[in-house]
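Topology and contacts: notes
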Amino acid sequence: MIGKQLPNISSLINYRIALDARTIAHRDAITGIGTVTFLLANYLDRHGIGCDLFYDQKPTLSFNNHRPVVLASRSRPVWEQILLPVALRQRKVDLYHALWNHGLPVLRWPLKTVVTIHDLIPYDYPPEITSLKNRLWWHYYYSAVQFAAENSDAIISDSNHTSERIQHYFPQTTSKIVRIFPGVDSIFFERFKLVDTSLIKKYGLSQPYFLYYGGLDPRKNISSLLYAFSKMPEAFQLAIVGKQNTYYQELVSLVSSLSLKKRVHFTGYAKLEDLPQLIYSATGIVYPSTAEGFGYPVAESMAVGTPIITTPLPSIQEITGQEAYYFKPRDIDGLTKHMLSVANLSTGERANKSQRLRRLAQKFTAEAMVEEILRLYLNLLVKATKS
C-alpha cells in the first residue's frame, strides 16, 4: 500500500497537475463520475492550487485558479491517444489524473499518472455486441482499462469491492491500488426542518412519494421498482429522477401497462441544488441496482438522512452497513414489504434512523476524499523528485 506520511498539501503548488475534466464540462449534466472530478477540482481551486483541466468541449464551468484546456474531439480514442499526449508534453505536466476508468495515453513523456477505476462492471457483465462500431468501442475500452491499470503509478478504487475486482482481473496491480471512497457534496449534509412544497411541486410531486434517482439503464433495475410500487396503496407517488435515454421509453411503456401513469412521475434531470430537498421530502429512497462500483445516490441520501431501500451489493453494503433495508434485486414482494415498512415508521423511528444514517455518512465527506487523493499525489511527486 502506498504510504501516507507526506508534506503539507500546499506544496502541490510547486508541481503542474492535470485532470481529465471531460465529465464536468457542463455542470448540469454531471453524474457520479463527474461528481468526484468536480469535488476534487473545486477543493483545489478553493485552496489556491491551479491545475490544467482537460476538456473535450468548451466548459460551462469556471474556476478562479484552474487553467481550462480544450482538446476538441468527442471521440475518446482520438482524445486520449492523439490529442492528450501532445498536450501533456507541451504543458510539461508533472502528474496526470485520469478520472474516467481509463484514459492514459500509450505514448507520453515521463510523468506520474493516477487512474481512478470506479467499477469493472463491463468485465463482470460483458455487454451485448450489436454492431461493428460497438465491437470496436468495447475492444478499445478493454484494452484502455488494462493499459491504464497496468501502467499507471497508482490506481484509485471507489470501494473495497472494486479493489477486489481490479486485483482479480489485473493481479499484478495489487500493490498500487488505493481505496478512496467518493465524497458527498456538502449540500447534502445541510439540515432541513420543513418540506419545501413549492420545490417538490415544481417536479410535479406531492407527498407522500418514494424516490429513485440515477441512471435509467437496465442494470439499475427500475422495472422491479415499478412492479413493486404497483402493489403500494394508491396514496403514494413514485418519482423517477434521471436523464431520459433510449431505455426511457421501455419504462414508460411498463408504467402504462401497470396502470401507473397518474402515480409515477419521470421528472428528467434534477438540479443539484434541488436534490437534497427532494430526498428529504421523500418517504424513502429506493435504489434497486444490480451492479455498482459505489452508489452515489445511496451515500447522498444517507447524508440527508432519508431511509434507504436497496440491494445488498458488496459496494453498497460498504456504504450503508446495517442501516439500509435490503432486498434481492428481483424480489418484488420483498421490495414492496420494505416500502410499506418505511411508510409505516413512526415519527420517532424515522428520527432515530435519520440520525444513524447521517452519522454513518460522515466518513463520505468531500474533504475526506480529496485529502486522501492529495496525499497520494504528493507521495508520488515527492518520490519522483528524490529518484
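Here goes a summary of the coordinates provided. (Residues numbered from 1 in each chain as written. Predicted model: local features only at pLDDT ≥ 70, side-chain atom pairs only at ≥ 80, totals over all residues. Heavy atoms only, no water.)

Let us look at the packing of aromatic side chains. Two aromatic rings are characterised by how far apart their centres lie and by the angle between their planes. For the coordinates displayed, the defined rule picks out 20 aromatic pairs. An angle of 55° between the planes, with centres 6.2 Å apart, marks the rings of Trp137 and Trp138 as tilted. Cluster of aromatic residues (ring-pair linked, three or more members): Tyr123, Trp137, Trp138, Tyr140, Tyr141, Tyr142, Tyr169 and Phe170. A cation sits over an aromatic face here: Arg22 above Trp79, 3.9 Å from the ring centre. Note that Arg179 overlies the ring of Phe181, its terminal NZ or CZ placed 4.0 Å from the centroid. (Phe/Tyr/Trp six-rings, centres within 6.5 Å; stacked < 30°, edge-to-face > 60°. Lys NZ or Arg CZ within 6 Å of the ring centre and 35° of its normal.)

A large share of strand 8 (residues 209-213) lies buried, amounting to five of its five residues. Once you follow strand 8 into helix 7 (residues 222-229) and on to strand 9 (residues 237-241), the crossover reads as right-handed. As defined by bridge partners, strand 8 adjoins strand 11 (residues 284-287) across two bridges and the pair is classed as parallel. Directly across from Phe210, in strand 11, lies its bridge partner Gly284. (Buried < 20%, exposed > 50% of the residue type's maximum accessible area, 1.4 Å probe, protein only. Helix = DSSP H or I, 4+ residues; strand = E, 2+ residues; numbered from the N terminus. Right-handed = clockwise from strand over helix to strand, strands pointing away. Pairing = 2+ DSSP bridges.)

Moving on, we come to the sheet that holds strand 13 (residues 325-326). Sheet architecture is open: six strands sit in the order 10-9-8-11-12-13, paired in parallel fashion. Each end of this open sheet is capped by a strand with a single partner; those strands are strand 10 (264-268) and strand 13. In this sheet, strand 13 lies alongside strand 12 (residues 308-310) in parallel orientation, the contact comprising two bridges. By the bridge assignment, Thr310 is partnered in strand 13 with Tyr326. Here helix 7 sits on the sheet in contact with strand 8, strand 9, strand 10 and strand 11, set at roughly 170° to strand 9. (Contact = heavy atoms within 4.5 Å. Axes fitted to C-alpha atoms, helices over the stretch in contact; angles between N-to-C directions.)

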